[in-house]
Amino acid sequence: GAFAALGCALLAFAEGQAWGASRAGYPPAAACTTGPAAGRDVVLILGYPGRRDGTPGLLQRWRVRIARRSAPVGAVFVFTGGAVGRDVAEADTMAAYGARLGIRPSDIVIERAATSTRENLSLSLPWLAAARTIRIASNTAHAHRARRYLRELDPTLWRRLRRTRDFVPLELGP
């Protein structure tokens with residue numbers, strides 16, 4: 001009885017926190033802009049270390065699934081992340097997984113040097129600057145932090161942000 005009620009309360013609290021984080025850090029609708037008319041919509045997938053054998057771990061697979069479900073038709077997917085503590089770059093591992101899920105190779109860009117969330121953004125600036133709109137794909141709290149970093153890094157690009165579907169009710173992690 002009491003244990004089940006506590007479990008339900010904790011789940012409800014966690015879901016509320018994730019939902020809030022998934023909606024925070026975006027520009028208000030009135031401040032949203034778009035980039036170059038010839039630009040493409042960009043989905044930036046933030047890196048995370050994969051397995052030592054180079055296969056994607058649970059969190060990497062989750063981030064790629066978030067990217068796929070968030071991407072408008074014709075989007076380009078920028079996978080970012082270096083080989084942090086591994087032999088294979090995070091971006092390569094996630095891009096290969098994305099291709100297996102149906103992302104066309106012509107829609108994949110790989111940034112292999114980033115070793116932190118701030119570097120994920122700063123080293124991806126060439127693709128973000130050319131973007132019509134930008135979406136950041138990661139788990140909710142991490143994506144929220146990255147949106148804040150983008151606002152600090154370049155407020156003009158931050159105004160191109162669009163919502164990412166990083167929260168799905170009762171999707172309890174990867």
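Each remark here, short or long, concerns the structure printed above.
Residues numbered from 1 in each chain as written. Predicted model: local features only at pLDDT ≥ 70, side-chain atom pairs only at ≥ 80, totals over all residues. Heavy atoms only, no water.

Caption draft 1: A look at the sheet that holds strand S2 (residues 76-80). Strands sit in the order S3-S2-S1-S4 across an open sheet of four strands; the sheet is parallel. Strand pairing shows two members of the sheet lacking a second neighbour, strand S3 (108-111) and strand S4 (134-137), which therefore form its edges. Pairs of neighbouring strands in the sheet enclose a mean axial angle of 20°, with direction left out of account. Bridge count for strand S1 (residues 42-46) against S4 is four bridges, and the pairing is parallel. By the bridge assignment, Leu-44 is partnered in S4 with Ile-136. Of the strands in this sheet, S1, S2 and S3 touch helix H3 (residues 90-100), which is tilted by about 165° from S3. (Pairing = 2+ DSSP bridges. Helix = DSSP H or I, 4+ residues; strand = E, 2+ residues; numbered from the N terminus. Axes fitted to C-alpha atoms, helices over the stretch in contact; angles between N-to-C directions. Contact = heavy atoms within 4.5 Å.)

Caption draft 2: Quick look at the side chain of Asp-166. By the secondary structure assignment, Asp-166 is in the segment after helix H7 (155-158). Residue Asp-166 is classed as buried on the basis of its relative accessible area, which comes to 2%. In contact with Asp-166, other than residues within four places in its own chain, are Ser-22, Ile-66, Arg-69, Ser-138, Asn-139, Thr-140, Ala-143, Arg-147 and Glu-171. (Buried < 20%, exposed > 50% of the residue type's maximum accessible area, 1.4 Å probe, protein only.)

Caption draft 3: Summary view of the packing of aromatic side chains. Counted by the stated rule, this structure contains zero aromatic pairs. Between Arg-118 and the ring centre of Tyr-149, over which it is positioned, the NZ or CZ distance is 3.8 Å. (Phe/Tyr/Trp six-rings, centres within 6.5 Å; stacked < 30°, edge-to-face > 60°. Lys NZ or Arg CZ within 6 Å of the ring centre and 35° of its normal.)

Caption draft 4: Up close: the packing of helix H2 (residues 58-70) against H3. Direction vectors running N to C along H2 and H3 enclose 55°, while the axes themselves pass 10 Å from each other. The orientation of H2 with respect to H3, classified from their angle, is oblique. Note on packing geometry: the crossing formed by H2 with H3 is right-handed. Residues Gln-60, Arg-61, Val-64 and Arg-65 of H2 lie in contact with H3, whose contacting residues are Glu-90, Thr-93, Met-94, Tyr-97 and Gly-98. Considering only residue class, the contact of H2 with H3 consists of three nonpolar, three polar and three charged. (Parallel < 35°, antiparallel > 145°, perpendicular 65-115°, else oblique. Left-handed = near helix turned anticlockwise from the far one by under 90°. Nonpolar A, V, L, I, M, F, W, Y, C, P; charged D, E, K, R; others polar.)

Caption draft 5: Just empty space enclosed by the protein, in detail. A complete count under the given rule lists one cavity of 30 Å³ or more for this structure. The wall of the largest cavity is formed by Gly-50, Arg-51, Arg-52, Gly-54, Gln-60, Arg-86, Val-88, Ala-89, Glu-90 and Thr-93. (1 Å grid on protein atoms, 1.4 Å probe; cavity = no way out; pocket = protein on both sides within 12 Å on 5 of 7 lines; lining within 4 Å. Points joined across faces, edges and corners; volume = space filled by probe spheres on them.)

Caption draft 6: Structural view of the environment of Ala-129. Considering the arrangement of structural elements, one finds Ala-129 in helix H5 (residues 125-129). Here the alpha-carbon distance between Ala-129 and Leu-157, two residues 28 residues apart in the chain, equals 6.8 Å. Apart from the residues within four sequence positions on either side, Ala-129 is in contact with Pro-36, Leu-157 and Arg-160.

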